[in-house]
Amino acid sequence: MILGNVPGCEADGWYPEYALPERDLLPAEQAWSNLMDPVAAAKLLDEDPDAGKR
């Protein structure tokens, strides 16, 4: 339910990860990833989504 409520992400586009960027996962730890729409991400961050394109 929570994963389907993240704006800009496909509800069924979540993938399990075996490690985090800075470290491996602990034995009982889980991490998931999903690509986020850049416009939705910019709204969450209150930024201009086209700022890097200029």
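Residues numbered from 1 in each chain as written. Predicted model: local features only at pLDDT ≥ 70, side-chain atom pairs only at ≥ 80, totals over all residues. Heavy atoms only, no water.

**With respect to the overall build of the chain**
Counting its secondary structure elements, the chain contains one helix and two strands. Per-residue burial for the chain yields a buried fraction of 19% across its 54 residues. Put simply, of all contacts in the chain between residues at least 6 apart along the chain, 29% involve residues at least 24 apart. Counting every atom, the chain has about 4,900 Å² of accessible surface; 58% of that belongs to carbon and sulfur. (Helix = DSSP H or I, 4+ residues; strand = E, 2+ residues; numbered from the N terminus. Buried < 20%, exposed > 50% of the residue type's maximum accessible area, 1.4 Å probe, protein only. Contact = heavy atoms within 4.5 Å. Areas by Shrake-Rupley, 256 points an atom, 1.4 Å probe, with all protein chains shown as cover.)

**Considerations on the side chain of asparagine 34**
Position of asparagine 34 relative to the elements: it lies in the loop between strand 2 (31-33) and helix 1 (38-45). Residues within four places of asparagine 34 in sequence aside, it is in contact with Cys9, Glu10, Gly13 and Trp14.

**Remarks on the environment of proline 16**
Relative to the helices and strands, proline 16 resides in strand 1 (residues 15-17). Proline 16 gets classed as exposed once you look at its relative accessible area, which sits at 56%. Ignoring any residue separated from it by four or fewer positions in sequence, one finds proline 16 in contact with Ala31 and Trp32.

**Points about helix 1**
Looking at helix 1, one finds that the buried residues are Ala40, Ala41 and Ala42. In this structure aspartate 37 caps helix 1, since a side-chain oxygen of it lies 3.2 Å from the backbone nitrogen of valine 39. (Polar contact = N/O pair within 3.5 Å; in protein donor to acceptor, adjacent residues only side chain to side chain.)

**A closer look at the confidence of the model for the chain**
The predicted structure's coordinates, where accompanied by low pLDDT, should not be read in detail. A residue-level look at the chain finds 87% of positions with pLDDT of 70 or above and a mean pLDDT of 82. Across the chain, the element-wise mean pLDDT spans from 87 in helix 1 up to 89 in strand 1. (pLDDT = per-residue confidence, 0-100.)

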